[in-house]
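Report on the structure
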2 protein chains.
Amino acid sequence: MIRELSFNLFEMNTVGHISHGMWRSPQSTRHRYTDLEFWQERAALAEAGLFDTIFLADVIGAYDGYRGGPETALREAVQIPNNDPLLVIPAMAAVTKHLGFVATFSTTYEPPFTFARRASTLDHLTKGRFGWNVVTSYLPNAARNFGLDDELDHAQRYARAHEYLDVLYKLWEGSWDDDAVVRDAAAGVYTDPGKVRRIDHSGEYFRVAGPHLSEPSLQRTPVIFQAGSSATGRAVAAKHAEVVFVGGSSIEDFAASIADIHRGAEAAGRGPGAVRTLGSAVLIPGKTRAHAEAKAAQYQRLSSAEGYLAHAGGGSGIDLAAYPPETLISEIIASGLVGHDAATAARYTPGTTVADALRETTRFDRGPFFALGTGEEIADAIEGWVRETGIDGFNLRQFVTPGTLEDFVEYVVPELQKRGLYRTEYAHSTLRENLFGAGHPRLPEGHHGARYRGGQNL
Amino acid sequence: MIRELSFNLFEMNTVGHISHGMWRSPQSTRHRYTDLEFWQERAALAEAGLFDTIFLADVIGAYDGYRGGPETALREAVQIPNNDPLLVIPAMAAVTKHLGFVATFSTTYEPPFTFARRASTLDHLTKGRFGWNVVTSYLPNAARNFGLDDELDHAQRYARAHEYLDVLYKLWEGSWDDDAVVRDAAAGVYTDPGKVRRIDHSGEYFRVAGPHLSEPSLQRTPVIFQAGSSATGRAVAAKHAEVVFVGGSSIEDFAASIADIHRGAEAAGRGPGAVRTLGSAVLIPGKTRAHAEAKAAQYQRLSSAEGYLAHAGGGSGIDLAAYPPETLISEIIASGLVGHDAATAARYTPGTTVADALRETTRFDRGPFFALGTGEEIADAIEGWVRETGIDGFNLRQFVTPGTLEDFVEYVVPELQKRGLYRTEYAHSTLRENLFGAGHPRLPEGHHGARYRGGQNL
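Residues numbered from 1 in each chain as written. Chains lettered and ligands numbered in written order. Predicted model: local features only at pLDDT ≥ 70, side-chain atom pairs only at ≥ 80, totals over all residues. Heavy atoms only, no water.

With that settled, consider the environment of phenylalanine 254 of chain A. Residues and elements named next belong to chain A. Considering the arrangement of structural elements, one finds phenylalanine 254 in helix α8 (residues 251-267). The sequence separation of phenylalanine 254 and alanine 268 amounts to 14 residues, and the corresponding C-alpha distance is 21 Å. For phenylalanine 254, the contacting residues outside a window of four places in its chain are Val246, Gly247, Gly248, Gly279, Pro368, Phe369, Thr389 and Ile391. (Helix = DSSP H or I, 4+ residues; strand = E, 2+ residues; numbered from the N terminus. Contact = heavy atoms within 4.5 Å.)

See the structure below:
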């Protein structure tokens, strides 16, 4: 029995997130990302399609690792211009009741105290529908926007992330008791001061007094999403993540990663089913197969190779335009001329050349979760992937906004519903309950963050 | 000829902002501050009343200077619990077209790069209706929430504020040209990279590379509000502020401060009329004078002395409960036992005792801009204040939410309109144009921030 699948709309407060060149489609409304109405329309449609969430990616720097500067990223609208992801959530929450909202926020550059309050505010305003995608950031330009010469090294970023999360749990879970707000007008007591406490955190990276400024929200800690695939990233996932975004180049890769993630969570003392896993789904549904093929041909025609290369160059730190095509990626990394770590090397299988990497970055149909066809054909594919990998759901990659989402809702959702793989209505109103079942809007007991409840372990 | 007056609704994302004890009123809906709908109702009513803005105060710490801890502030809901001010703006923007939104944000604890993007995002989402109230923060507890032992000293906070503002202007005004976004699908150019530049700021407090991540919004730089009354605060106002919030204990004080602010701005090379001034208005309108008096009596009855004292203790750093009533405030400051600076001393006239200060903090009818009565009587008072001081408008203090605003819109607005002192409809859709007239959504040429336009002076 497969659990109900999670579908999340993979979004970003920008023109071009991961489908580069597609802003040129006459059907694209991406340039309207600066309008409130754009986001409210997105949210209403995602809720009509019974999605778990709108999942907002983010970067806080420009991709300037390709051709020696940010020019290509600017020309191709590769994640620049972009706007803040948190600020579109309240407007979307106002037109929805059940849809969740996940925003990406980095533990590396901004202080935990104000992020704690922003997250609590969003959990209040959405009435328990907020999730946080924990990242440590990776663009060198981002580091230079915050007073550093270059990125902190990988181990240091993750050590900082662990402590950052601890500060947040202390504020979210430990600082206010559930019954702290009494609102007793006759006695003149709004909050019982005996049920609120400072956290007095003093660690290697942070000193934070508290108390938390926000009263407890429905979920307190937002649902924790995470995507790190390195060993240190996996350690963060095992301890903290409730939903893990998994990558991989084959079905076997995914199956192995997913099993590893569940093992990690159990080894960390968390029960089975404590973590859900997600992959990125590249789906091109149509009324008929020919209809879907025509769409795919249009997407391939509009895809911008330069856009993908600027994105890949910024992300991996390797400027593929700077090397002969037959160069091995492993040699570039070994040369030490690129500021890089094991995570980058792990993206490329041994023997990958610059030419291979170029092809890999410009084709959208090479991942294992690619399907094209009628709703029935796509539902078949999804069902197969789920059975083979044990994955719990997907972030839907968009080619055309709003077309991709409209097509998915029209063609694929009814097919998945017929098979019992997809909800026919929302069962709950908090995100954590929609993911993990009734009665659990808060972090489960076995989760590391729960240890601070009632002011314990502060 | 008096210019049209500015009215702003003085708000905060909290239960008890400045009218302590009033949450106990059976008419109060303040406990709903965690709901989106609360803010959307506030905004719709303020726009119906043709207000300039909803002006959101903020603190990022607890008032713990009274009776040795935050207990009183918690019990009395003195600005705790509180939530983030920026995040309610998008929901309010979604139900309004002309109303502006001013949020308080401190230059002391968070990095400028991400604040620049948040402000640009809000200016985009509101279509040019965002204003920023620049503060440097003042609560010792706030400092301890960001890794410091105590507040930075006053001079250092303001030196940092000047540089912080420069970084922001470089990002907002200098990094992208107006015609940078070309969106030319045929040529495959979203942004012309020749019209976007890094700022490469390197100063005493900040190093920020850029480019700014957001494309230009309607106003670019949000309308700059400021409230500092010290000499260093006034220097910030003279150079940067477009709207200055003025304090004072008499009409003469206000008149002198307002003249001083205008002189400062002109000395800084800014034209006459470059700055608008605001005071806090304490108005209790009623259908009849007796109706207003009954309201005032209720407000006085519900006022919480402990709440005001917790607020004053946190703000001045002087715990008034710790001294005999006849003690001179000047002696307390001179003792050096309170961590204090000239700004605090300046709040108290010579000869003020602890007993005087107590009285001052618990009465709401002692300021010069207090009026009670029919709409006509209140309009008379307002007209008098404006003629005597030259002030441009007011932040309306609330006693009961939503009652105070409803009363003002019902009783006072029509009277002010009859006299030509108040708009009868919004003339513009950006905040800066509603304040300074048509054709000026951007900072005026003489403003310091305008010097970075086109990448000059970076």
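On we go from here.
Interfaces are often described in size by the accessible area the parts lose on coming together. Taken residue by residue, the interface counts 74 residues in chain A and 74 residues in chain B. Carbon and sulfur atoms supply 60% of the area that chain A and chain B bury against each other, a total of about 6400 Å² over both sides. The tally of links from chain A across to chain B stands at ten salt bridges. Here chain A and chain B share 39 residue pairs in polar contact (both at pLDDT 80 or more) between them. Among the secondary structure elements, those contributing two or more residues to the side of chain A that touches chain B are α1 (36-48), α2 (71-76), α3 (89-93), α4 (112-125), α5 (140-144), β5 (181-184), β6 (189-191) and β8 (207-208) of chain A. With eight residues, α4 of chain A is the largest single contributor of residues to the side of chain A that touches chain B. Here the side of chain A that touches chain B is composed, by residue class, of 37 nonpolar, 18 polar and 19 charged. (Buried area = accessible area lost by both parts, 1.4 Å probe. Salt bridge = Lys/Arg side-chain N within 4 Å of Asp/Glu carboxyl O. Polar contact = N/O pair within 3.5 Å; in protein donor to acceptor, adjacent residues only side chain to side chain. Nonpolar A, V, L, I, M, F, W, Y, C, P; charged D, E, K, R; others polar.)

This next bit is on the side chain of arginine 197 of chain B. All names here are of chain B. Here arginine 197 is to be found in the loop between β6 (189-191) and β7 (201-202). A distance of 2.7 Å separates a polar side-chain atom of arginine 197 from the backbone oxygen of glycine 174. Filtering out sequence-adjacent residues up to four positions away, arginine 197 remains in contact with Gly174, Ser175, Asp177, Pro211, Gly454, Gly455 and Leu458.

Residue and element names in this part refer to chain A. Per the domain assignment, the segments making up chain A are domain 1 (6-294 + 368-455) and domain 2 (305-361). The gap between the C-alpha centroids of domain 1 and domain 2 is 27 Å. Taken together, the contact pairs 18 residues of domain 1 with 14 residues of domain 2. For the pairing of domain 1 and domain 2, the buried interface totals around 1400 Å² over both sides, and the portion due to carbon and sulfur atoms is 59%. If you sort the residues of domain 1 by the area they bury against domain 2, His20, Tyr63 and Tyr66 come out on top, with a joint share of 38%. In this structure, the connection of domain 1 to domain 2 is made through one salt bridge. When the shortest N-O distance is used, the salt bridge between glutamate 306 and arginine 67 registers 3.0 Å. Inspection of the region where domain 1 meets domain 2 yields six residue pairs in polar contact (both at pLDDT 80 or more). For the side of domain 1 that touches domain 2, the element with the highest residue contribution is α2, accounting for three residues. Its residues assigned to classes, the side of domain 1 that touches domain 2 shows seven nonpolar, eight polar and three charged. (Domains from an automatic or database assignment.)

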